[in-house]
Structures are given as C-alpha cells and as structure tokens.
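For reference, the chains in residue letters:
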Amino acid sequence: MSQDTKTPAEPRHQVPGAVHEATRSLLRLRTAGDARRVAEHLVRELGGQLVPAGTDDASVIPVDVSFGDGEPLLAAAPLGSAARALLDRHLASFLLDARHVLQLSGRNERLAESASTDKLTGLPNRRMLDRALGRLAAGDTVIMLDLDHFKQVNDTLGHAAGDEVLRAFGRIHLLGDASTTPPVPPGRRRRSRTSRCR
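All values derive from a computational prediction rather than experimental measurement. (Residues numbered from 1 in each chain as written. Predicted model: local features only at pLDDT ≥ 70, side-chain atom pairs only at ≥ 80, totals over all residues. Heavy atoms only, no water.)

This part takes up the nonpolar core. Core analysis: the largest hydrophobic core is formed by 25 residues, its most contacted members being Leu-42, Val-65, Leu-91 and Phe-94. Residue assignment for this core shows that the elements contributing at least two residues are helix 1 (17–25), helix 2 (32–45), strand 3 (73–76) and helix 3 (82–116). Ranked by residue count, the leading element in this core is helix 3, at seven residues. Those residues in contact with Leu-42, other than ones at most four positions away along the chain, are Ala-18, Val-19, Ala-22, Leu-91 and Phe-94. (Core = buried A, V, L, I, M, F, W, Y, C linked by side-chain atoms within 4.5 Å. Buried < 20%, exposed > 50% of the residue type's maximum accessible area, 1.4 Å probe, protein only. Helix = DSSP H or I, 4+ residues; strand = E, 2+ residues; numbered from the N terminus. Contact = heavy atoms within 4.5 Å.)

Time to look at the side chain of Glu-40. Structurally, Glu-40 is set in helix 2. Taking the relative accessible area as the measure of exposure, Glu-40 reaches 14% and is therefore buried. Beyond its immediate stretch of four places on either side in the chain, Glu-40 contacts Leu-50 and Leu-73.

The next point concerns the packing of helix 5 (residues 150–157) against helix 6 (residues 159–175). Relative to each other, helix 5 and helix 6 sit at 140°, their axes nearing to 6 Å. Of the residues in helix 6, those touching helix 5 at Phe-150, Val-153, Asn-154 and Leu-157 are His-159, Ala-161, Gly-162, Val-165 and Leu-166. Of the residues in the contact of helix 5 with helix 6, the class split is six nonpolar, three polar and no charged. (Axes fitted to C-alpha atoms, helices over the stretch in contact; angles between N-to-C directions. Nonpolar A, V, L, I, M, F, W, Y, C, P; charged D, E, K, R; others polar.)

Before going further, it helps to examine the pattern of salt bridges. Inspection of the entire model under this criterion finds seven salt bridges. With a shortest N-O distance of 2.7 Å, Asp-34 and Arg-37 are connected by a salt bridge. With Asp-34 and Arg-37 both in helix 2 and three residues apart, the pair spans about one turn of that helix. Its salt-bridge partner being Glu-164, residue Arg-171 comes within 3.4 Å of it at the nearest N-O pair. For Arg-171, a relative accessible area of 44% puts it in the partly exposed group. (Salt bridge = Lys/Arg side-chain N within 4 Å of Asp/Glu carboxyl O.)

Here the focus is the sheet that holds strand 2 (residues 60–64). Adjacent strands of a sheet pair through backbone hydrogen bonds, lying either parallel or antiparallel. Strands sit in the order 1-3-2 across an open sheet of three strands; the sheet is antiparallel. Since the sheet does not close on itself, it has two edges, and those belong to strand 1 (49–52) and strand 2, each with one partner. On average, each strand axis in the sheet is inclined to that of its neighbour by 40°, with strand direction left out of account. Where strand 2 meets strand 3, three bridges bridge the pair, whose relative direction is antiparallel. Counted as the bridge partner of Asp-64 is Leu-74 from strand 3. Along the sheet, helix 2 makes contact with strand 1 and strand 3, crossing strand 1 at roughly 125°. Against the sheet, helix 3 engages strand 2 and strand 3, with an angle of about 5° to strand 2. (Pairing = 2+ DSSP bridges.)

This brings us to the confidence of the model for the chain. Low pLDDT marks stretches whose predicted atomic positions should not be read closely. Here the chain averages 81 in pLDDT, and 82% of its residues register 70 or above. Highest mean pLDDT in the chain belongs to strand 3 (96); lowest belongs to helix 4 (residues 126–134) (82). Note on residues 7–11: pLDDT is under 50 here. Beyond four places in sequence and across chains, it has zero contacts. Taken together, the stretch residues 183–198 has pLDDT below 50 and engages in 19 contacts with residues farther than four places along the chain or on a different chain. (pLDDT = per-residue confidence, 0-100.)

See the structure below:
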C-alpha cells in the first residue's frame, strides 16, 4: 500500500486583527486627523512606537503617518522584531489605502456641494430649494426675493454686468451683512416682497 506524501503547504501569513480593524475604520474617515489617529493606533497595536520625524535610529520606518495633520510622525520598531515584520508588511499599504479614501472623500464632498450650489451666486440651487420645500411644516415661513428690473440690467449693461449683480446678491445674502448692501439711489426706495406659507 502506498502512502500519499504531500509536501506541506507554505505557511500563510495571517493578517492581524488590528489591520482588519484599521481597514474597517477607513470607511469612517473624513479628515486627515481621523486618518492620523487610526494610523497611530495601528502602529501601537502592531507593537511599534511613534517617533518624531528626524529621529536618527535604525528602528525608524521612514513613512510619515501624520497625513499632514500636525508634525510629521514616523513608526519605529527594532530591526528583526515581530513588530517590525508586521509594520513592514502592513503599514505602507494601509497608509496608501487611507490616502485614497481621503482623496475620494474630498471628491465626494466637492461633488455634493457642486450638485447643491449655484456656481454663479454660491447660493443653494433649485434642487436644494425643492428639498427644503418638501420638509416644510405647518407654520414655517418662506420668503421670496425678487430682483426688480433685473432684465433691464442684462439688456442695457450686458450679461456680464447681470452676472456681477447676481454674484453680489449671493455674497450679501450669504454674509447677511447689511453694511455691504449697496446704497439706494436718491429718489428711489428699497422694496422687498415677502409671503407667508400656510
């Protein structure tokens, strides 16, 4: 009877739970400070320590874990140690993934702002108006503003002047600063129209 002799498989490198936990934390990253805290925690969980950049020691791993939040910070673990092996194996790829998450998060925020803000005035756009109107409750108030004679500005001074009027209106509205409101020409009075929703 012949015996099957199998060559033992190469031992698999298991990913430590701290790396899984840190990787899951990437889903909640919003800021460089968040990323720094997760990276610092990961370094400590893998047995390393954190040292300021510029530390001249063979145990330092030359990878900044600060994400630009505060002073540069490096991981360190003695050469040949289990902690060093874990950090060498997992830290660089984690940091790369975290940087990608931060880039995507920034893009998503810019897209969300772009989808909800009028580019010319900086004011919320029609989509945001529709959402706000859909959330009105009984007794809420809606104020409608009208730029009197705006068509005349466009017709007589051109669309560039009309765009500047709209930009100025947006700035005044966003700042809510009456001191920046242009003076009313003599002989004219400022009018506003408001209506109450019931």
